[in-house]
Amino acid sequence: MAYLLLALAAIFWGGNYVVGHILVQYVDPYGLSLIRWGGTTVIMLAFYWKNFLHDFPTLRNHLGMNALLSFLGQVSFPLSLYIGLQYTTSLNAAIYISSTPCLVLFINHFIFNERISLRNITGVVASTAAVIYLAFSNARGAGSLQTFGWGDVLTIISALSWAFYCALLRLKNKEVKNTSFVAFSSLIGTLILIPMFLLHAALAQDFHGVIYQASPQVIVGILYLIVFPSWLSYVFWSKGVSMIGTTRSEIYTHLIPVSGGIMGIVFLGNKLETYHIITLLLIIFGIVCCSAKKN
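Parameters at a glance
- Residues numbered from 1 in each chain as written.
- Predicted model: local features only at pLDDT ≥ 70, side-chain atom pairs only at ≥ 80, totals over all residues.
- Heavy atoms only, no water.
- Axes fitted to C-alpha atoms, helices over the stretch in contact; angles between N-to-C directions.
- Helix = DSSP H or I, 4+ residues; strand = E, 2+ residues; numbered from the N terminus.
- Parallel < 35°, antiparallel > 145°, perpendicular 65-115°, else oblique.
- Left-handed = near helix turned anticlockwise from the far one by under 90°.
- Nonpolar A, V, L, I, M, F, W, Y, C, P; charged D, E, K, R; others polar.
- Core = buried A, V, L, I, M, F, W, Y, C linked by side-chain atoms within 4.5 Å.
- Buried < 20%, exposed > 50% of the residue type's maximum accessible area, 1.4 Å probe, protein only.
- Expected span 1.5 Å × (residues − 1).
- Patch = residues over 30% accessible without salt bridge, like charges linked within 9 Å, V, L, I, M, F, W, Y side chains within 5 Å.
- Areas by Shrake-Rupley, 256 points an atom, 1.4 Å probe, with all protein chains shown as cover.
- Salt bridge = Lys/Arg side-chain N within 4 Å of Asp/Glu carboxyl O.
- Lys, Arg positive; Asp, Glu negative; His and termini not counted.
- Polar contact = N/O pair within 3.5 Å; in protein donor to acceptor, adjacent residues only side chain to side chain.
- Contact = heavy atoms within 4.5 Å.
- Phe/Tyr/Trp six-rings, centres within 6.5 Å; stacked < 30°, edge-to-face > 60°.
- pLDDT = per-residue confidence, 0-100.

A. Focus on the packing of helix α2 (residues 29–61) against helix α8 (residues 178–203). Where α2 contacts α8, the two axes come as close as 5 Å, and the packing angle between them is 140°. Considered as vectors, α2 and α8 are oriented oblique to each other. The element α2 and its partner α8 pack so that their crossing is left-handed. For the contact of α2 with α8, a count of residues per class yields 18 nonpolar, 11 polar and two charged.

Written out as structure tokens, the structure reads:
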């Protein structure tokens with residue numbers, strides 16, 4: 001069951017990259033993040049309010065860690081992604097996220113003193129090199145090294161946020177139900193996003209409202225973000241991690257670029273370039289190294 005939950009969560013997140021890339025053309029990224037997590041909070045509290053009220057005292061007693069997890073998972077990860085998707089492709093962004101299992105291994109070593117082998121280190125180096133190569137690669141497919149684009153920088157920040165979120169998720173109180181945890185995280189994330197959105201609206205010269213162009217397709221896209229990569233994915237992922245652990249779970253992150261990349265090619269017309277293939281090969285090599293058992 002854990003493997004199914006983790007796989008579904010990752011596939012839904014893959015769709016987030018494609019739908020998010022489309023929506024940021026019609027919805028302000030800050031507003032989109034606020035709508036997404038505000039809507040998710042309403043759904044979570046409507047369905048799981050009894051569990052939430054029961055677990056609220058425990059969640060409140062660990063407010064510092066829960067707020068950090070909310071900032072990483074509900075604010076920094078999606079917001080930097082949506083802003084970055086205005087300047088880079090969903091395929092690039094999805095490939096960046098595939099490096100997170102190796103990053104989680106590295107984070108676990110330095111923060112939680114988990115043993116890391118030479119083979120694991122090789123995997124981290126290969127995965128990091130792949131991300132740097134993709135970030136510098138010519139967006140027209142020539143494969144030559146160029147300067148970083150803002151879209152690449154922001155989507156890399158998104159991937160790093162997700163890596164830290166997954167690594168620190170082990171510190172979540174085990175007595176709290178997963179639905180209560182996601183509800184509380186969504187609520188805290190929404191409260192963090194409100195002043196960020198208001199500040200953005202007040203200072204941004206190019207701010208033209210939350211939704212630039214309303215249409216049935218935009219509404220369906222927003223509903224997808226609320227239901228699948230927010231409500232279901234976070235509940236499924238939290239449950240799966242609690243069942244088999246952080247390190248074993250993180251390998252399922254690689255379903256995100258696979259599903260997101262395929263959907264980007266099919267629905268957005270993203271072109272699979274030579275540098276994408278080179279990057280994926282390096283990351284696959286990194287995955288094999290990082291998935292090796294500790295010696």
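B. Local environment of the nonpolar core. In this structure, Tyr17, Leu32, Trp162, Tyr165, Tyr234 and Trp237 are the most contacted members of the largest nonpolar core, which totals 75 residues. At 12 residues, helix α9 (residues 216–244) tops the list of elements feeding residues into this core.

C. Focus on helix α11 (residues 255–267). Helix length check: α11, at 13 residues, gives a terminal C-alpha distance of 18 Å against a target of 18 Å (1.5 Å per residue), a fit within 8%. Residues of α11 that are buried: Ile256, Pro257, Ser259, Gly260, Gly261 and Gly264. Once α11 finishes, Gly269 follows within two positions and takes phi at roughly 75°, a positive value.

D. Seen up close, a nonpolar patch on the surface. Taken together, the side chains of Val258, Ile262, Ile265, Val266, Phe267, Leu272, Ile277, Leu280, Leu281, Ile284 and Val288 make up a nonpolar region of the molecular surface, amounting to roughly 1000 Å² of accessible area. Judged by its relative accessible area of 49%, Ile262 is partly exposed.

E. Geometry of the side chain of Asp28. Mapped onto the elements, Asp28 comes out in the loop between α1 (2–23) and α2. Nearest to the buried, unbridged Asp28 among oppositely charged side chains is Arg36, at 14 Å. At 3.0 Å, the side chain of Asp28 forms a polar contact with the backbone nitrogen of Gly31. Setting aside chain neighbours within four positions, we find Asp28 in contact with Phe197, His200, Phe207, Gly209, Val210 and Tyr212.

F. Representation of unusual backbone geometry within the structure. We note that Asn113 has phi near 60°; this positive angle belongs to a residue other than glycine. You can see Asn113 is positioned in the loop between α5 (100–112) and α6 (118–136).

G. Region of the structure containing α1. Counted at 1.5 Å a residue, the expected span for α1 with its 22 residues is 32 Å, and the 31 Å between its end C-alpha atoms agrees. The buried fraction of α1 amounts to 17 of the 22 residues, a majority that puts the element mostly inside the structure.

H. Representation of the packing of aromatic side chains in the model. Evaluated as defined, the whole model comprises 17 aromatic pairs. Taking 5.3 Å as the distance between ring centres and 90° as the angle between the ring planes, the aromatic pair formed by Trp13 and Tyr234 counts as edge-to-face. Highlighted residues: Trp13 in helix α1 and Tyr234 in helix α9, separated in sequence by 221 residues. The burial state of Trp13 is the same as that of Tyr234; both residues are buried. Here the aromatic rings of Tyr165 and Tyr234 are separated by 6.1 Å at their centres, their planes lie at 70°, and the arrangement is edge-to-face. Taken as a pair, Tyr165 in helix α7 (residues 150–168) and Tyr234 in helix α9 lie far apart in primary sequence, 69 residues in all.

I. Local environment of the confidence of the model for the protein chain. The pLDDT averaged across the protein chain works out to 84; a share of 92% of its residues lies at or above 70. Note that residues 138–147 has pLDDT below 50 and, in this model, 17 contacts with residues that lie over four places away or in other chains.

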